Structures are given as C-alpha cells and as structure tokens.
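Results of the structural survey
This is what each chain is made of:
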Amino acid sequence: MKALVYTPSLPRFFGARLLGKRFPKGLLPLALKEVPLPEREGFVRVRVRQSGVCGSDLALLYGKSPPSIAPFFSFPAVLGHEILGEYEGSLVAVNPLLACADRGLPPCPQCQRGEEGLCQNVAEGSLAPGMLGYNRDLPGGWGEWVLARPERLYPIPQGVPEDRAVFAEPLAVVLRGLKKLRPWPEEVLVLGMGTIGLLAVRLLRALGYGGRLFAVAKYPHQAERAKAFGADEVFPSAQEALLARARRYRYLLFEGFRGGYEAVVEASGSGRGFRQALALAREGGKVLLLGAPGLALVDLSPFWFKEVGLEGSYTYTREDFREAVGLLSELGGLEALVGGRYPLVAWREALAAKGKALFAPNGP
C-alpha cells in the first residue's frame, strides 16, 4: 500500500528545530513509499477514509517533541493517529491506543482502572513502543490501510459528515481534559484558537457549560469562529486578556499581577502559551494543558505563590472515546475547521495548509 513514512534523521531534526516552519518541506524526514500491510492475529484491516494532521505530528516533524517521550514511540513509522476508516461497509473512528490488551499482556494497574492512556506497558509486549501513528510495527492513518482490534472501532452515528467524524480522536482528548475542570468554574479562558482550542470552546457549550467563556485568538478568522462556537468575549492577545481581569503591580523593573481567570485551558501547545496560562490563572485557579509545550523555560512561582493547580490531558479512556463519538451528532460546525483534503502525494501542500489538513489516502 502507499503510505507516508517518517524516518528519523538527526541532521534534518536539528535543521527543522532551528528553522521551524521555514525549513523546506521537501527536506523533512517524510517520504511517500510502498509498504507492506502486515497481518496480526486479532487485528482487522480498516480502509482509511481520512486522517488528520495533528499538532503533535508537526512537532515531531519540526523537532519540537519533548525528548523524554522519545523512548515510548518507535520509528520508522507511518504517521497519523486521527483516523476515520471504513470497516465492513461502515464508517468508524479508530482508537489508536496500543495498551496491554493490544500487546498481549495482562492488564497493568492503570489498564485495570480503565486508564489505557496511562498504560505502563506502552513500550512492552509483542508490539514496538507507541500507539498507531507512532509505531513501526503497525501503520498509522497516513496510509491506505490500518490494522486495529475490533473493540478499537467506534461506529459513526448516522448523518454525521466525514469532515466532522474525523475529529473524534482529538475531541476525546479535549473531553477528557474538560472533565477535570468539574465542578464547572464560573469562568473559563481558552488560550489558543487552533483546532484544539476551538474544539474546547465548542465542547464546553455542548456539555452544558453556562458560565462565562473567554478566548484568546491570534487571527480574526479564529476570533469569529470562537464567537460562533460560544465564546462570550475574545481577546487578540494574552496580555489584553490579563489586563482585562487582573491588577498590575510594579517594583523597580519588575511587574506582577493579582487576579485573572478561575480556569485557563492552554491549547496552543507552546512554551510561551504555558507561561501565559500560568500568568492568566488567578490565585487558587487551575490550568489545563491540552497542548504539548515540550521543553520550556517557565517561572514556577505561580504554583506556590498563587497556588495554581495544573492538569493535563494526553489521550483518553475507552469511555471517553465512546462518549466523544456519540457527541458528534450534536457538534455541527466542526467540519468548518477543515482547511483542505489532500492525497498522500500532496503531503507538502497539506503540511503548509492553513486550518485543519486531512489526508484522504483512498481518494474522495
């Protein structure tokens, strides 16, 4: 089958890390190849309909992934963990986790609790380390087919368009994170209006959140979408959001703030966003990390001086995933986040696209 394969290269890693998005797309360690589709007992073949380009995929390609998580992935690998597929004539969302049950192991303590996203054996057992999309033994969604165990397949509700259904996996991540904010605070600020941030705004309202909902959007089109999804007020920068709700104090060349927001959802996935989120959280408030900031120089004083709490959401439980798929029927408008659909051969254009890029390996 045809697939986009990521093969690590230290020179390209350092070049991409240095230049960021200015690094030539054609020099990224990604190539369209013919690869064999493996067979594995207990796994079924799923034809890929669409697969999203995630911020974590871009972080990997541009050398921004945290080094400490590298041992828990394996390469070369076919990327793509946001997977919408077709199995036995039905449209299905694919849960890409490869936990104890998938690896032929007895359940670890986390899997016994149903917390497969925290599985302690992600680098053990009969499979290479990592989930689908970061696993050298099983292909991810940036190819024509994937393999998955039947219980990892979730039928898409009738009437949900494919361009909405493909958001099932990131929606499950956001859903798990937002549950950690319960009982609901009186106000929430979502920082960063990329795909994850907009999903957070839309999902908060779908879950019945009736408090004040604020957002920080870098671009006007993101601000418009945030308001359409339910944000009460949108700020063009974190600084303006901070000045609107906090008191500023100065001493010599230094400044500090009191006040801010009860809960801050950091969805930009950057070190700068993490620093801003800590500043935006009020005393005794909470920061939820939905993005992956990686390595960052951060002032840790808010954790003790303001007693700010920190939560994170990396993946999900099976129930989170099932609930996210079930909510798709109520989340009209998500399909508007799609910036374009691309064949595998146009991967350079997909990585340069504005908005959410999707690969359609088997055509429309």
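Residues numbered from 1 in each chain as written. Predicted model: local features only at pLDDT ≥ 70, side-chain atom pairs only at ≥ 80, totals over all residues. Heavy atoms only, no water.

Per an unreviewed UniProt entry, the recorded name for the protein chain is Zinc-binding dehydrogenase, and the organism is Thermus composti.

A look at the environment of phenylalanine 23
You can see phenylalanine 23 is positioned in the loop between α1 (10-19) and β2 (30-34). The exposure class assigned to phenylalanine 23 is buried, which follows from its relative accessible area of 8%. With 39 residues separating them in the primary sequence, phenylalanine 23 and tyrosine 62 have C-alpha atoms 8.1 Å apart. Excluding anything up to four places from it in sequence, phenylalanine 23 contacts Arg12, Gly15, Ala16, Leu28 and Tyr62. (Helix = DSSP H or I, 4+ residues; strand = E, 2+ residues; numbered from the N terminus. Buried < 20%, exposed > 50% of the residue type's maximum accessible area, 1.4 Å probe, protein only. Contact = heavy atoms within 4.5 Å.)

Some thoughts on the sheet that holds strand β16 (residues 309-312)
Across the sheet, which stays open at both edges, the 6 strands sit in the order β11-β10-β9-β14-β15-β16 with parallel pairing between neighbours. Lying at the two open borders of the sheet, with one neighbouring strand each, are β11 (233-235) and β16. Recorded for the sheet is a direction-independent mean angle of 20° between the axes of neighbouring strands. One ladder, built from 5 bridges, connects strand β14 (residues 261-266) with strand β15 (residues 281-289); its direction is parallel. (Pairing = 2+ DSSP bridges. Axes fitted to C-alpha atoms, helices over the stretch in contact; angles between N-to-C directions.)

Digging into the nonpolar core
As a rule of thumb, soluble globular proteins bury nonpolar side chains together. With 97 residues, the main nonpolar core has Leu30, Trp142, Leu178, Val190, Leu203, Leu351 and Phe359 as its most contacted residues. It is helix α5 (residues 168-179) that contributes the most residues to this core, 7 residues altogether. Filtering out sequence-adjacent residues up to four positions away, leucine 351 remains in contact with Lys25, Leu28, Leu30, Val53, Leu58, Leu61 and Trp142. Core analysis: the second largest hydrophobic core is formed by 21 residues, Leu189, Leu191, Phe235 and Ala277 among them. (Core = buried A, V, L, I, M, F, W, Y, C linked by side-chain atoms within 4.5 Å.)

Focus on the UniProt feature "domain: Alcohol dehydrogenase-like N-terminal" (unreviewed entry) in the protein chain
The UniProt entry lists residues 42-158 under the feature "domain: Alcohol dehydrogenase-like N-terminal" (unreviewed entry), expressed in the numbering used here. With 9% helix and 24% strand, the stretch residues 42-158 has end C-alpha atoms that lie 27 Å from each other. (UniProt positions renumbered as here; feature names shortened; annotations may be inferred.)

Brief notes about the packing of α5 against helix α6 (residues 195-206)
Interhelical geometry of α5 versus α6 gives an angle of 60° and a closest axis separation of 10 Å. Considering the angle they form, α5 stands oblique to α6. In terms of crossing hand, the pair formed by α5 and α6 is right-handed. The segment α5 lies against α6, with Pro170, Leu171, Val174, Leu175 and Leu178 engaging Ile196, Leu199, Ala200, Leu203 and Leu204. Here the contact of α5 with α6 is composed, by residue class, of 10 nonpolar, no polar and no charged. (Parallel < 35°, antiparallel > 145°, perpendicular 65-115°, else oblique. Left-handed = near helix turned anticlockwise from the far one by under 90°. Nonpolar A, V, L, I, M, F, W, Y, C, P; charged D, E, K, R; others polar.)

Section: the packing of aromatic side chains
The tally for this structure, following the rule as stated, stands at 10 aromatic pairs. Ring geometry for tryptophan 304 against phenylalanine 305: centres 5.9 Å apart, planes inclined by 75°, an arrangement best described as edge-to-face. There is no split in this pair, since tryptophan 304 and phenylalanine 305 are both exposed. Between tyrosine 316 and phenylalanine 321, the aromatic rings sit 5.3 Å apart at their centres with planes inclined by 70°, giving edge-to-face as the arrangement. Take tyrosine 316 and phenylalanine 321: they sit in the same class, and that class is buried. Feature note: the residues Tyr154, Tyr316 and Phe321 constitute an aromatic cluster, connected by ring pairs. Directly above the ring of tyrosine 62 sits lysine 21, whose terminal nitrogen or CZ lies 5.8 Å from the centroid. (Phe/Tyr/Trp six-rings, centres within 6.5 Å; stacked < 30°, edge-to-face > 60°. Lys NZ or Arg CZ within 6 Å of the ring centre and 35° of its normal.)

Focus: the pairing of β14
Of all the 6 residues making up β14, 5 are buried; the element is thus mostly covered by neighbouring parts of the structure. Pairing analysis gives 4 bridges linking strand β9 (residues 187-191) to β14, with the strands arranged parallel. Following the sheet pairing, leucine 191 is matched in β14 by glutamate 266. In terms of handedness, the path from β14 via helix α9 (residues 271-280) over to β15 forms a crossover that is right-handed. (Right-handed = clockwise from strand over helix to strand, strands pointing away.)

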